[in-house]
Amino acid sequence: VGLADPFSGYGTLPVEAALMALGFAPTLMRDYFGFKGWLKHQPDIWQRLCREADTRWRAGVERWKGKLMIHSSDIEARASGAANRNAESLPPEIQSYFRWRTRDFKNAVPPEGATKGLWIANPPYGERMGEFDELVPLYGEIGDSWKKAFKGWRCAVFTGEPELGKRVGLKPDKKITLFNGPI
């Protein structure tokens, strides 16, 4: 099973996907929580929950070993480098699931041996990068690239501009409205 993100930027989607698949509890690596100073805080219960969370993600690592590969790329070397550095903050057992590359999304290929998976993209949509008219061809190329190299895979495209989403040229199984602040 694979996950490919050819517009990974700093790696948020691939890292979050890996943590979810492996059962890694949010903020597990964090040391400080304000509630630890509460009068009724019960450290023994908190420690037990932390041990359970640790056991759960380690079991996830074993369950997915050799079965899950995450390929993340971006055309910008600076973004790929930042994504790799972000992943390096994860435990080494989780880092092994990732492959980071600098490349154009049109050259993306599935992870070796992965015949199915999720191709997920969060391409520019005119908010921080690009203007609508210059992004129209890009969105058409997204659909073409996916159809060419990722047969048998599912495709998900995040966009803050629904009109651009229509230019991908794929008929969606479903559309889900998400909000990122005002977007």
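Look up: the structure comes first, before these words.
What you see is a predicted model, and the numbers here were worked out from it, not measured in a lab. (Residues numbered from 1 in each chain as written. Predicted model: local features only at pLDDT ≥ 70, side-chain atom pairs only at ≥ 80, totals over all residues. Heavy atoms only, no water.)

J.: Please explain the overall build of the protein chain as it appears in this structure.
T.: Helix and strand counts for the protein chain stand at six helices and five strands. Traced from its N-terminal end to its C-terminal end, the protein chain shows the element sequence β-α-α-β-α-α-β-β-α-β-α. Reported as C-alpha extents along the three principal axes, the dimensions of the protein chain are approximately 60 × 40 × 35 Å. Counting all 183 residues of the protein chain, 34% fall into the buried class. Excluding contacts between residues fewer than 6 apart, the proportion of contacts in the protein chain whose partners are at least 24 apart in sequence is 80%. For the protein chain, the computed accessible surface area is about 11,700 Å², with 55% contributed by carbon and sulfur atoms. (Helix = DSSP H or I, 4+ residues; strand = E, 2+ residues; numbered from the N terminus. Buried < 20%, exposed > 50% of the residue type's maximum accessible area, 1.4 Å probe, protein only. Contact = heavy atoms within 4.5 Å. Areas by Shrake-Rupley, 256 points an atom, 1.4 Å probe, with all protein chains shown as cover.)

J.: Would you mind going over the nonpolar core with me for this structure?
T.: What tends to happen in soluble globular proteins is that the nonpolar side chains get buried as a cluster. Core analysis: the largest hydrophobic core is formed by 18 residues, its most contacted members being L90, I94 and F98. Taken together, the elements giving at least two residues each to this core come down to helix 1 (12–22), helix 2 (43–64), helix 3 (77–88) and strand 3 (98–102). The greatest single-element share of this core, amounting to four residues, is contributed by helix 1. Once you skip the residues sitting within four places of it in the chain, I94 turns out to touch L19, L22, F24, W57 and V61. Residues A114, W153, L164 and V168 belong to the second largest nonpolar core, which totals 16 residues. (Core = buried A, V, L, I, M, F, W, Y, C linked by side-chain atoms within 4.5 Å.)

J.: Got a minute to help me understand the layout of surface pockets in this structure?
T.: Using a probe with the size of a water molecule, rolled over the atoms, empty space left in the structure can be pinpointed. Counted as a void, the second largest pocket has a volume near 190 Å³. For the second largest pocket, the lining is made up of 13 residues, of which T27, L28, F33, W46 and C50 are closest to its centre. Grouping the constituent residues of the lining of the second largest pocket by class yields eight nonpolar, two polar and three charged. (1 Å grid on protein atoms, 1.4 Å probe; cavity = no way out; pocket = protein on both sides within 12 Å on 5 of 7 lines; lining within 4 Å. Points joined across faces, edges and corners; volume = space filled by probe spheres on them. Nonpolar A, V, L, I, M, F, W, Y, C, P; charged D, E, K, R; others polar.)

J.: I would appreciate a short explanation of unusual backbone geometry in the present structure.
T.: The residue T27 is not glycine, and still its phi comes out positive at about 60 degrees. Using a relative accessible area of 43% as the deciding quantity, one classes T27 as partly exposed.

J.: I'm lost on the side chain of S80 in this one. Help?
T.: With respect to the secondary-structure elements, S80 resides in helix 3. Looking at S80, the relative accessible area reads 5%, which means it is buried. For S80, the side chain forms a polar contact with the main-chain oxygen of R101, separated by 2.9 Å. Beyond its immediate sequence surroundings of up to four residues, S80 is in contact with G9, S73, D74, R101 and T102. (Polar contact = N/O pair within 3.5 Å; in protein donor to acceptor, adjacent residues only side chain to side chain.)

J.: Before we go on, may I ask you to explain the pattern of salt bridges in this structure?
T.: Two side chains that carry opposite charge are able to pair once their charged atoms sit near each other. Under the defined criterion, the tally for this structure stands at seven salt bridges. One salt bridge in this structure joins E52 and R48, with 3.2 Å as the shortest N-O distance. Remark: R48 and E52 occur in helix 2; sequence separation between them is four residues, near one turn of the helix. Judged by relative accessible area, R48 falls into the partly exposed class, the value being 39%. The closest approach of N and O atoms between E62 and K65, which form a salt bridge, is 3.0 Å. (Salt bridge = Lys/Arg side-chain N within 4 Å of Asp/Glu carboxyl O.)

J.: Just checking my understanding: could you explain empty space enclosed by the protein for this structure?
T.: In this structure the tally under the stated criterion is one cavity of 30 Å³ or more. Estimates place the volume of the largest cavity at around 40 Å³. Lining the largest cavity are A4, D5, P6, H71, S72, S73, R103, A108 and V109. Elements with a contribution of two residues or more to the lining of the largest cavity: strand 1 (2–5) and strand 2 (69–74). Looking at the lining of the largest cavity element by element, the count peaks at three residues for strand 2. Class assignment of the residues belonging to the lining of the largest cavity gives a composition of four nonpolar, three polar and two charged.

These figures capture arrangement, not role.
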